[in-house]
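Observations on the model geometry
So you can see what is in the structure, the chains are spelled out below.
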Amino acid sequence: MIKFFLMVNKQGQTRLSRYYEHVEINKRTMLEAEVIKNCLSRSKDQCSFIEYKDFKLVYRQYAALFVVVGINETENEMAVYELIHNFVEVLDKYFSRVSELDVSFSVSEIHLSVSFWCTSCSIWTECTSFWMKWC
């Protein structure tokens, strides 16, 4: 099950966040700061899966953007890793090379696509063909 979905820049600023479990606002900021610090401090040679507290982090870097997904212990890390890649491919097609500015200024479209991709906190695998036709 997906717990949260984050898009952050290299400076550690959150550009998009979507939570699938209730987390208080002050705890969200602390959680995001710790998660971002853990992901940004890793080198490119290290694995993109991190065990953090009671869940796992799966992240992927695209130019200046990091996409981080928090999942529970039972979710397949490789499936989430591929989900991130497919999601960014769709955004690339929609925005013709997605950038941090696209994420910042088109939050509603990206929230819509995140909601569509992560239906009821689980990955919906038929999304790619639908979104590719929509774009």
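Quick caveat: nothing in here was measured; it's all calculated off a predicted structure. (Residues numbered from 1 in each chain as written. Predicted model: local features only at pLDDT ≥ 70, side-chain atom pairs only at ≥ 80, totals over all residues. Heavy atoms only, no water.)

Regarding the pairing of strand β1 (residues 2-9)
- Judged by how many residues are buried, β1 sits mostly within the fold: eight of eight residues are covered.
- Relative to strand β2 (residues 14-19), β1 runs antiparallel, the two being bridged by five bridges. Bridge assignment links Val 8 to a residue of β2, and that residue is Thr 14.
- Adjacent in sequence and paired antiparallel, β1 and β2 are bridged by four residues, among which Gly 12 carries a positive phi angle near 90°. (Buried < 20%, exposed > 50% of the residue type's maximum accessible area, 1.4 Å probe, protein only. Helix = DSSP H or I, 4+ residues; strand = E, 2+ residues; numbered from the N terminus. Pairing = 2+ DSSP bridges.)

Some words on the packing of aromatic side chains
- Throughout the structure, instances matching the rule amount to six aromatic pairs.
- Judged by centre distance (5.8 Å) and plane angle (40°), the rings of Phe 4 and Tyr 19 are tilted. Residue Phe 4 is found in strand β1, and its partner Tyr 19 is found in strand β2; the two are separated by 15 residues along the sequence. For the residue pair Phe 4 and Tyr 19, the accessibility class agrees, reading buried in each case.
- Note on Tyr 52 and Phe 55: the rings are 5.5 Å apart at their centroids and 65° apart in plane angle, and the pair reads as edge-to-face. (Phe/Tyr/Trp six-rings, centres within 6.5 Å; stacked < 30°, edge-to-face > 60°.)

Details of the nonpolar core
- Phe 5, Met 7, Phe 87 and Ile 110 are the most contacted members of the largest nonpolar core, which totals 21 residues.
- Of all the elements in the fold, those that place two or more residues in this core are β1, β5 (65-71), α2 (77-95) and α4 (107-117).
- Counting 15 residues, the second-largest nonpolar core is a separate cluster that includes Val 8, Tyr 19, Ile 50 and Tyr 52. (Core = buried A, V, L, I, M, F, W, Y, C linked by side-chain atoms within 4.5 Å.)

Some remarks on the pattern of salt bridges
- Considering all chains together, one arrives at three salt bridges under this definition.
- Between Lys 53 and Glu 34 there is a salt bridge; the shortest N-O distance is 3.5 Å. Taken together, the residues span a long stretch of sequence, with Lys 53 in the loop between β3 (49-52) and β4 (55-62) and Glu 34 in helix α1 (residues 25-40) at a distance of 19 residues.
- Salt-bridge contacts for Lys 56 lead to Glu 77; the nearest nitrogen and oxygen are separated by 2.4 Å. (Salt bridge = Lys/Arg side-chain N within 4 Å of Asp/Glu carboxyl O.)

Observations concerning the pairing of β5
- β5 sits mainly inside the fold: seven of its seven residues count as buried.
- Judged by which residues are buried, β5 turns out to be covered on both faces: Leu 65, Val 67, Val 69 and Ile 71 on one side and Phe 66, Val 68 and Gly 70 on the other are all buried.
- Here β1 runs beside β5; their pairing, made up of seven bridges, is antiparallel. Bridge pairing links Phe 5 to Val 69 in β5.
- With seven bridges connecting them, β4 and β5 associate as antiparallel partners. Each residue of the ladder has a partner; that of Tyr 62, found in β5, is Leu 65.
- Connecting β4 to the next strand, β5, in antiparallel fashion are two residues, including Ala 63 with a positive phi near 55°.

Details of the confidence of the model for the protein chain
- Confidence along the protein chain averages 81 in pLDDT terms, with 84% of residues attaining 70 or more.
- Here helix α5 (residues 127-134) stands out as the element of the protein chain with the lowest mean pLDDT, 46, in contrast to β5, whose mean of 93 is the highest.
- Every residue in residues 120-135 is under pLDDT 50, and counting partners more than four places away or in other chains gives 29 contacts. (pLDDT = per-residue confidence, 0-100. Contact = heavy atoms within 4.5 Å.)

Points about the sheet that holds β5
- Strands sit in the order β2-β1-β5-β4-β3 across an open sheet of five strands; the sheet is antiparallel. Unpaired on one side and paired on the other, β2 and β3 mark the two borders of the sheet. If you compare each strand with its neighbour and ignore which way they point, the axes differ by 20° on average.
- Relative to β4, β3 runs antiparallel, the two being bridged by four bridges. Paired with Phe 49 across the bridge in β4 is Val 58. (Axes fitted to C-alpha atoms, helices over the stretch in contact; angles between N-to-C directions.)

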